[in-house]
Structures are given as C-alpha cells and as structure tokens.
Amino acid sequence: MTVQAPTSTFRPAQRIGAIGVSEILKIGAVAQRLKREGRPVIVLGAGEPDFDTPDHAKDAAVRAIRAGQTKYTILDGTVELKAAIAEKFRRENDLVYAADEITAGAGAKQVIHNAFMASLSPGDEVILAAPYWTSYADMVRIADGTPVDVPCREENGFRLDAADLERAITPKTRWLLLNSPSNPTGAAYSAAQLRPILDVLKRHPHVWLMADDIYEHLIYDGMPFVTAAALEPSLKSRTLTVNGVSKAYAMTGWRVGYGGGPRELIAAMAVVQSQSTTNPSSVSQAAAIAALTGPQDVLIERRAAFQRRRDIVVDALNAIDGVTCRLPEGAFYTYASCAGLIGRRTPDGTLIDSDAAFCRFLLEGHDVAVVPGSCFGLAPYFRLSYATSEQNLREAVMRIAKACRELS
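Residues numbered from 1 in each chain as written. Predicted model: local features only at pLDDT ≥ 70, side-chain atom pairs only at ≥ 80, totals over all residues. Heavy atoms only, no water.

(A) Highlighting helix α2 (residues 55-66). For α2, which comprises 12 residues, the first-to-last C-alpha distance of 16 Å matches the rise-based estimate of 16 Å (1.5 Å per residue) to within 8%. Buried residues of α2: Ala-57, Ala-60, Ala-61 and Ala-64, and no others. Considered in projection along α2, the buried side chains sweep an arc of 100 degrees and stay on one side of the axis. For α2, exposure combined with an orientation more than 90 degrees from the buried face picks out Asp-55, Arg-63 and Arg-66. Taken together, the buried residues of α2 touch α10 (282-293). (Helix = DSSP H or I, 4+ residues; strand = E, 2+ residues; numbered from the N terminus. Expected span 1.5 Å × (residues − 1). Buried < 20%, exposed > 50% of the residue type's maximum accessible area, 1.4 Å probe, protein only. Arc of directions from axis to C-beta. Contact = heavy atoms within 4.5 Å.)

(B) Layout of the pairing of strand β6 (residues 208-212). The element β6 is extensively covered by neighbouring structure, given that four of its five residues are classed as buried. Here strand β5 (residues 173-179) runs beside β6; their pairing, made up of five bridges, is parallel. Counterpart to Leu-176 in the pairing with β6 is Leu-209. On the question of chirality, the crossover connecting β5 to the parallel β6 by way of helix α7 (residues 191-202) is right-handed. Across four bridges, the pairing between β6 and strand β7 (residues 239-244) is parallel. Residue Ala-211 lies in a different strand from β7, and its bridge partner there is Thr-241. (Pairing = 2+ DSSP bridges. Right-handed = clockwise from strand over helix to strand, strands pointing away.)

Quick look at the structure:
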C-alpha cells in the first residue's frame, strides 16, 4: 500500500482563506510601481493626511527617548496616556471614563480588532453600514463573526436608515459598527439624524454599538460633531467609542488608537492585546499625550485646509459629464458616482463595465490612483482622498476630466 507523503505546501487557516490584502494597499502598490518607472502618478487612494505631525508631539517623543522611556509600559496604555484620553473624552465629548474603562493600542484598527476578538463567537453577526472601510468586514471574519451589510443610499446622504437597521437585526446580532464622519463617503450624522438609530438600539438590548470616531475633528461647514454615548447615555454601558491620533494630528505612523467603554469589555480586550502586541510603543504614547493635551489650534487650521480641498474636488467632479459627487460633511474623501460612465468605451475599445474598470483606466491611462466603490461595498462609485496638496488635486481632477472626455 502506498502511503501519501505529507505535503510541505503551506495551508492557510480557514479564517483567512477568503481574505486578501486590502485592495487599497494593492492599488497603492501598483501606483508606486508606476512612479518608480517614471510615471507622474498622483495617488489619491490612501487615508493619510499630508500634513506633518505637530512639533510639540515630535518634541515630546524626543524627550521620552532621551529620558530612557523605551521599555515596556502598562499593557493597554500608561497612566499618563489614559489620563490624557480621559480628559479628551470629558473636554470634547462630555463622556466620563475611568482608567479601567479606557484602552490604548497600536492604532484605532487594533482597538476595533481587539473588541471583535474579545466578543465574537462563530455565528455572531456585526451590522456594517455600507459603504464602509474595507477592513471592517475582514476583521469581523477573522474573529469568526459574520458581517451583515446594510446599504446606505446616496439619497439618504449615505447614512444608515433606522428602518433598514431594524430589519437587519436578528437574535445573532452582536454589534452595529458606525463610522461618522465616514470612510469612504465623508457622511456625518447630526444629533437629529443619529437619534432614530439609537432609538432602534434601545429596543434591542442585546446589540452593542461600536462608534468609530476617528475623523471626529474633520467635519465641515460648522457642523457640530456628535457621538452616540454622549447623545444617548443609556447606551453608554454597551458602547465602545473608538478614536485615535492618526487623522486629526497626522500621526498615522505613530500607531496610537484608543477606546472608551464598559470595563468588562475593556478587560477582555486587554486579554487579546496581551497575547498579540502588548503595549503600544512607549515613545508613541509620549507623543500622543502631547498631541491630546497640547495646543489644539492645529486642528482648526487643518480642518479649514481640508474643507477648501473638498470644495475644489467636488466642484470639479460635478462638472464632468457622467460623474456626480455629493458634498461630504467630513473626513477627507469624496465618494463620486461613475454610473453615467458605465457602458462607455476607452479609445482602444475596452468596455467600462464597472467602477473597478474605470479606476484601472484612470491609473493605467491617466496616472491617477483612486479606489473603486466596490471595495467598500457600494458600486458604481469611486473614492478620492483629498489629503494632498491643492496643486495635486487640481491636476488630478483635470486628468480625470480628460479621461472621461476620451470615453465614447
């Protein structure tokens, strides 16, 4: 009898078998390759501010290094960092959290991942308001949960409709994840718009809320920011409020995110983090403390700059035949419809049959990298990040307009 020899071929875990590297990162990699080949590619795909980290935060990191603060810290944030986070929540959000109700990790992404790993069992469902940041669904799947997409229609401002939420809730629903202002649409909720959603959650006590507030300080036209646990205190005991320093303070590479929530959840998240990364970087924590407690005028200045950029992009996109673009309330993305271009052909006869095909045409033919809406769960749209200079944006939208004129 022939015995089958064991194979040495790598076999991935089932939980990641259907998950790939983020499409946004793939597009960025192609764009970088083209740039290395000498192409003048303008990359409008990444969710990263082009501004620098404020000097007082960088200086605090240098001081920490000089003082030898380069060792392990408390698992989920130093005493000083948690105090700074607690004060931020109190000052800006009217939320009171004790130290054991606060966690800090290597970015808001890790905080979300920790929460899912700590709370989801096979069969548990997480409702996602589509379109949503691409990582949400895959993080749910890695934690053995089931993502449930609820489409948010453009005519409703890409905001979740309370009736749609009510229909999506089942006995297996564990979380609703809500991002405001939103990546990828820039949609934000006023208190009046958020209230019906919270009323639905009040009727379903088994459903917890994860409020991703990472774009809190990037909200425009004087619109006030509102977060769920402050608007409806009765939900605070089952809400995780997630934030970080990456977007507001241009500290993406420092990798510090944080969350406030019920101490039982925070303790369970600490268990997950203790067996993965342990503490966030000690030096990054020092920089984050300075960012949260230091001068905040940089937030106002940069918000104004982003609003100017938004207006440039939206006006230019709406002037293109076949493209329409809603004015976003926040973040630094536009989510433009390319439905009017579907069915047209490129000069070489290639059919534009999807938003992905349109984005490939823009990148390969006109050196502009944007992300198709299909990556975010709602097509046919494309996301454009205006976290770059006005000069780059003006050139990019000119190239997009030229590309669209070539389609027949």
